[in-house]
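What follows is the residue order along each chain.
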Amino acid sequence: MIATIQYKSKKLQIDLTQPIDISMPLRASKDNVNAWYVDPPKIEPATDGEWIAAVKEGACINFNNINFNPHAHGTHTECVGHITEEMHSINQNLKQFFFFAEVLTVAPEKLKGDFVISKKQLQFAIGNKKRDAIVLRTIPNTNEKLSAQYSHTNPPYLLEDAAIYLREKGIKHLLIDLPSVDKEKDDCQLLAHNAFWNTKGKLRLNATITELIFVPNHVADGTYFLNLQIAPFENDATPSKPVLYKIIE
């Protein structure tokens with residue numbers, strides 16, 4: 001199933017039968033990826049007295065309750081409402097779902113005891129390319145990311161000037177395989193979030209940050225189309241399923 005997309009002055013083709021899912025599944029397990037000091041997600045049958053809504057328990061249906069936090073338990077997409085007093089919903093602000101994207105692999109640099117992604121690194125990797133979305137894969141990149149327990153580990157993060165660079169470059173959608181674009185414990189400064197969404201100027205209401213993705217090693221750096229699928233939650237963030245499509249040369 002080959003689709004031809006008119007993007008600005010170019011006609012580009014993708015194969016819709018070859019999606020590359022870069023989301024993490026949510027599992028009811030202590031081995032589910034986790035951050036921000038919360039318990040693992042729970043997926044369990046609803047109950048009513050002694051009745052348990054599971055076929056194996058004698059019910060005619062499976063009818064599960066799911067308890068999770070989108071920021072902590074897997075791939076999620078957030079809007080500026082994540083850091084503003086005023087409510088902004090990802091479901092109301094993300095209205096387009098298909099974007100011209102670049103996958104980049106970066107090795108976080110050591111800075112004052114932390115590992116960070118700098119403006120210089122992104123400038124070198126992006127160059128003169130103009131993209132709607134940037135997908136950042138950090139190295140080392142192992143399957144351990146799928147079950148990582150990030151709380152109290154000080155994971156790598158973006159420096160403020162790197163986030164400013166992406167904003168000024170016109171990047172509307174930033175995807176990263178870390179639990180946050182900011183330092184885990186930064187006294188609530190959230191420098192990269194604030195810089196990317198331009199909270200000191202005109203808010204970028206249609207810009208998003210997607211965290212806790214996983215880009216397998218067999219996916220080469222380069223240009224793709226991104227289908228950023230979200231669940232319709234009226235919340236600052238929602239579980240999401242970003243899917244890449246390789247452009248046919």
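Read on for a plain summary of the structure. No experiment lies behind these values; they were computed from the predicted model shown.

1. A few points about the packing of helix α2 (residues 119–126) against helix α3 (residues 160–168)
It is the contact of α2 with α3, at a shortest axis distance of 8 Å, that shows an interaxial angle of 35 degrees. Of the residues in α3, those touching α2 at Lys119, Leu122, Gln123 and Ile126 are Asp161, Ala162, Tyr165 and Leu166. Broken down by class, the residue content of the contact of α2 with α3 amounts to five nonpolar, one polar and two charged.

2. Topic: the packing of aromatic side chains
Across all of its chains, the model carries seven aromatic pairs by this definition. Taking 6.2 Å as the distance between ring centres and 75 degrees as the angle between the ring planes, the aromatic pair formed by Tyr7 and Phe225 counts as edge-to-face. Residue Tyr7 is found in strand β1 (residues 2–7), and its partner Phe225 is found in strand β16 (residues 222–230); the two are separated by 218 residues along the sequence. Exposure remark for Phe225: the relative accessible area of 2% places this residue in the buried category.

3. As for a nonpolar patch on the surface
A cluster of nonpolar side chains, contributed by Leu26, Ile43 and Ile66, occupies part of the molecular surface with about 230 Å² of accessible area. Take Leu26: its relative accessible area is 31%, and that puts it in the partly exposed class.

The rules we used
- Residues numbered from 1 in each chain as written.
- Predicted model: local features only at pLDDT ≥ 70, side-chain atom pairs only at ≥ 80, totals over all residues.
- Heavy atoms only, no water.
- Axes fitted to C-alpha atoms, helices over the stretch in contact; angles between N-to-C directions.
- Helix = DSSP H or I, 4+ residues; strand = E, 2+ residues; numbered from the N terminus.
- Contact = heavy atoms within 4.5 Å.
- Nonpolar A, V, L, I, M, F, W, Y, C, P; charged D, E, K, R; others polar.
- Phe/Tyr/Trp six-rings, centres within 6.5 Å; stacked < 30°, edge-to-face > 60°.
- Buried < 20%, exposed > 50% of the residue type's maximum accessible area, 1.4 Å probe, protein only.
- Patch = residues over 30% accessible without salt bridge, like charges linked within 9 Å, V, L, I, M, F, W, Y side chains within 5 Å.
- Areas by Shrake-Rupley, 256 points an atom, 1.4 Å probe, with all protein chains shown as cover.
- Salt bridge = Lys/Arg side-chain N within 4 Å of Asp/Glu carboxyl O.

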